[in-house]
Amino acid sequence: QVQLVESGGGLVQAGGSLKLSCAVSGVTSSRYAMGWFRQAPGKEREFVSGIRRNGGSTYYADSVKGRFTISRDNARNTVYLQMNSLKPEDTAVYYCAADLGGSEYLRSVNYWGKGTLVTVSS
């Protein structure tokens, strides 16, 4: 079956960096737009970033523009999220997502990962 497995979360101080990875199995990842969502404690899940099937286009939430970078390696069935200049408000569970529609906007997610926790301390 299709699985999306996130890794790379952890505890980091404000201003620091983390790189998240999402390994895809059970499906050819190149058929899907891939992206990241996050859910902070007590808040709704929100879109963070997406990348088109071929990696040619990306899209970011305003809150992370200039700090986060999404990329993908279809040969390795993996998508990444490089997070720099982290802020306490970035603290959340980060979820990997796949959208067969192929758009970097991830309008309709087909598959979700189980999430990885990122905690940013002051």
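Above this text is the structure in question.
This one's a predicted model, so the numbers in the text were calculated from it and none came from an experiment.

> Give me the overall build of the chain: which residues, what numbers.
Across its full length, the chain holds zero helices and eleven strands. Written out in order from the N terminus, the α and β elements of the chain read β-β-β-β-β-β-β-β-β-β-β. Relative to a compact globule of 122 residues, whose C-alpha radius of gyration would be 14 Å, the chain shows 13 Å and is just as compact. With the principal axes as the frame, the chain shows a C-alpha extent of 40 × 25 × 25 Å. Counting over 122 residues, the chain shows a buried share of 43%. Sequence separation of 24 or more characterises 58% of the internal contacts of the chain that already satisfy a separation of 6 or more. Carbon and sulfur atoms form 43% of the exposed surface of the chain, whose accessible area is close to 6,300 Å².

> Explain the sheet that holds strand 7 (residues 68-73) residue by residue, including any values.
Pairing within the open sheet is antiparallel, and its four strands lie in the order 1-3-8-7. Each of the sheet's edge strands pairs with one partner strand only, and the pair in question is strand 1 (3-7) and strand 7. Between one strand and the next, the sheet's axes are offset by a mean angle of 15°, whatever the strand orientation. Relative to strand 8 (residues 78-83), strand 7 runs antiparallel, the two being bridged by six bridges. Paired with threonine 69 across the two strands is glutamine 82, which belongs to strand 8.

> I'd love a proper account of the environment of glycine 50, names of residues and values included.
Tracing the backbone shows glycine 50 in strand 5 (residues 46-51). In this structure the C-alpha to C-alpha distance between glycine 50 and tyrosine 60, which are ten residues apart in sequence, comes to 6.7 Å. Setting aside residues no more than four positions away along its own chain, glycine 50 makes contact with Met34, Gly35, Ser57, Thr58, Tyr59, Ile70, Glu104 and Leu106.

> If you had to explain the packing of aromatic side chains to someone new, which residues and values would you point to?
As enumerated under the stated definition, the model contains five aromatic pairs in all. Aromatic side chains phenylalanine 37 and phenylalanine 47 sit 5.5 Å apart centroid to centroid with 80° between the ring planes, which places their arrangement in the edge-to-face category. Residue phenylalanine 37 is located in strand 4 (residues 33-39), and its partner phenylalanine 47 is located in strand 5; the two are separated by ten residues in the primary sequence. In this pair, the class of phenylalanine 37 matches that of phenylalanine 47, namely buried. Ring geometry for phenylalanine 37 against tryptophan 112: centres 4.9 Å apart, planes inclined by 65°, an arrangement best described as edge-to-face. You can see phenylalanine 37 sitting in strand 4 and its partner tryptophan 112 sitting in strand 10 (residues 111-112), a full 75 residues away along the chain. By relative accessible area, tryptophan 112 is classed as partly exposed at 32%. Among the aromatic side chains, those forming a connected cluster through ring pairs are Phe37, Phe47, Tyr59, Tyr105 and Trp112.

> Could you give me a rundown of the state of the cysteines, with the residues and numbers involved?
Under the defined criterion, the tally for this structure stands at one disulfide. With a sulfur-sulfur separation of 2.0 Å, cysteine 22 is cross-linked through a disulfide to cysteine 96. Residues cysteine 22 and cysteine 96 are joined through a disulfide that is left-handed, its torsion about the S-S bond being -85°. Of the two residues, cysteine 22 is situated in strand 3 (residues 18-25) and cysteine 96 in strand 9 (residues 92-99); the sequence distance between them amounts to 74 residues. Each member of the pair cysteine 22 and cysteine 96 is classed as buried.

About the criteria used
Residues numbered from 1 in each chain as written. Predicted model: local features only at pLDDT ≥ 70, side-chain atom pairs only at ≥ 80, totals over all residues. Heavy atoms only, no water. Helix = DSSP H or I, 4+ residues; strand = E, 2+ residues; numbered from the N terminus. Rg over C-alpha atoms; globule rule 2.2 N^0.38 Å. Buried < 20%, exposed > 50% of the residue type's maximum accessible area, 1.4 Å probe, protein only. Contact = heavy atoms within 4.5 Å. Areas by Shrake-Rupley, 256 points an atom, 1.4 Å probe, with all protein chains shown as cover. Pairing = 2+ DSSP bridges. Axes fitted to C-alpha atoms, helices over the stretch in contact; angles between N-to-C directions. Phe/Tyr/Trp six-rings, centres within 6.5 Å; stacked < 30°, edge-to-face > 60°. Disulfide = S-S within 2.5 Å.

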